[in-house]
Amino acid sequence: MLLLNLERGITRFSNLLGVVSTVLFIALLFNVFYDVLMRYVFNDVSIGMQELEWHLYAAIFLLGIPYGIQHGGHVRVDLIYENLSIRGKAWIDLFGCIFFLMPFTLLVGYYGVGFAHEAYSLGETSGDPGGLPYRWIIKAVIPFAFFSMAISGLGMIIRCINVLRGVSEDGFSHPPIQH
């Protein structure tokens, strides 16, 4: 029961990041609309608003990945995977999480902390006049996102263990998200 509750808690966390990504996407749409309107209607260009576009895009992408991991939207070799039994899928996902996903996300997250801390310590800002201050904020999203991916990977590992124990089939009974 502990593993099922832990899996559900991690799924809620990943779903929350999916909602945050959605809200940031809507903010990006408004930002682009404002930027285009100001540029082509009022002939006024804002470097800060243009930089905010790529900051929002990066945050959407980075924070959306844990949601994708949790809901089967990640890359697999579907030629093999789709024909496997539920237990076979669980073994493939378990192996992939333990040997590929977890080491990579934890390594990038670990080094990302120093990357963001250095930007904060230096008071790093945009190199462009009128650009955004506080570049450390977007750089801090990197380790947060990668540690969140590791948490989603842990949720996937727990789900695989639950499937192999015969406790749950959640996440394996439907095909992955198609894009």
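Residues numbered from 1 in each chain as written. Predicted model: local features only at pLDDT ≥ 70, side-chain atom pairs only at ≥ 80, totals over all residues. Heavy atoms only, no water.

What follows concerns the UniProt feature "transmembrane region" (unreviewed entry) in the protein. In this structure's numbering, the residues bearing the UniProt feature "transmembrane region" (unreviewed entry) are residues 12-34, 54-69, 90-116 and 136-158. Segment residues 12-34 splits into 100% helix and 0% strand. End C-alpha atoms: 33 Å apart. Helix makes up 100% of residues 136-158 and strand 0%, and the two end C-alpha atoms of the span are 33 Å apart. (UniProt positions renumbered as here; feature names shortened; annotations may be inferred. Helix = DSSP H or I, 4+ residues; strand = E, 2+ residues; numbered from the N terminus.)

Now for the environment of Leu107. Considering the arrangement of structural elements, one finds Leu107 in helix 4 (residues 86-122). On the accessibility criterion, Leu107 (48% relative accessible area) is partly exposed. Along the sequence, Leu107 and Phe146 sit 39 residues apart, while their C-alpha atoms lie 8.7 Å from each other. (Buried < 20%, exposed > 50% of the residue type's maximum accessible area, 1.4 Å probe, protein only.)

Quick look at the state of the cysteines now. With the rule as written, the count across this model stands at zero disulfides. Not part of a disulfide, Cys97 finds its nearest cysteine sulfur in Cys160, a span of 5.9 Å. On the basis of relative accessibility, which here comes to 2%, the residue Cys97 falls in the buried class. (Disulfide = S-S within 2.5 Å.)

So, about the pattern of salt bridges. In total, this model carries four salt bridges according to the counting rule given. Across the salt bridge formed by Glu51 and Arg135, the nearest N and O atoms sit 4.0 Å from each other. Taken together, the residues Glu51 in helix 2 (residues 47-70) and Arg135 in the loop between helix 4 and helix 5 (136-164) connect sequence positions 84 residues apart. Given a relative accessible area of 5%, Glu51 falls into the buried group. One salt bridge in this structure joins Glu124 and Lys139, with 2.9 Å as the shortest N-O distance. A residue pair is termed long-range when its members are at least 10 positions apart, and Glu124 in the loop between helix 4 and helix 5 and Lys139 in helix 5 qualify at 15 residues. A residue is classified by how much of its surface remains accessible, and Glu124, at 23% relative accessible area, is partly exposed. (Salt bridge = Lys/Arg side-chain N within 4 Å of Asp/Glu carboxyl O.)

Scanning the entire structure with this criterion turns up five aromatic pairs. Residues Phe95 and Phe99 carry aromatic rings whose centres are separated by 4.8 Å and whose planes lie at 45° to one another, so their mutual orientation is tilted. Remark: Phe99 and Phe95 occur in helix 4; sequence separation between them is four residues, near one turn of the helix. Considering the side-chain rings of Tyr120 and Trp136, the 5.1 Å spacing of their centres and the 85° angle between planes classify their relative orientation as edge-to-face. Separated by 16 residues along the polypeptide, Tyr120 in helix 4 and Trp136 in helix 5 bring together distant segments of the chain. Trp136 gets classed as partly exposed once you look at its relative accessible area, which sits at 29%. Put simply, the rings of Phe95, Phe99 and Phe100 pair up and form one aromatic cluster. (Phe/Tyr/Trp six-rings, centres within 6.5 Å; stacked < 30°, edge-to-face > 60°.)

This brings us to unusual backbone geometry. Positive phi is not limited to glycine here, since Asn43 has a value of about 50°. A positive phi is found at Tyr134, a non-glycine position, where the angle reads about 60°. Tracing the backbone through its elements, the reader meets Tyr134 in the loop between helix 4 and helix 5.

Another point: helix 4. An ideal rise of 1.5 Å per residue puts 54 Å on 37 residues; helix 4 measures up with 50 Å between its terminal C-alpha atoms. Where helix 4 bends most, the angle comes to about 45°, and this point is Cys97. Residue Gly123 follows helix 4 closely and has a positive phi angle near 65°. (Expected span 1.5 Å × (residues − 1). Bend = angle between axes of the 7 residues up to and from the residue.)

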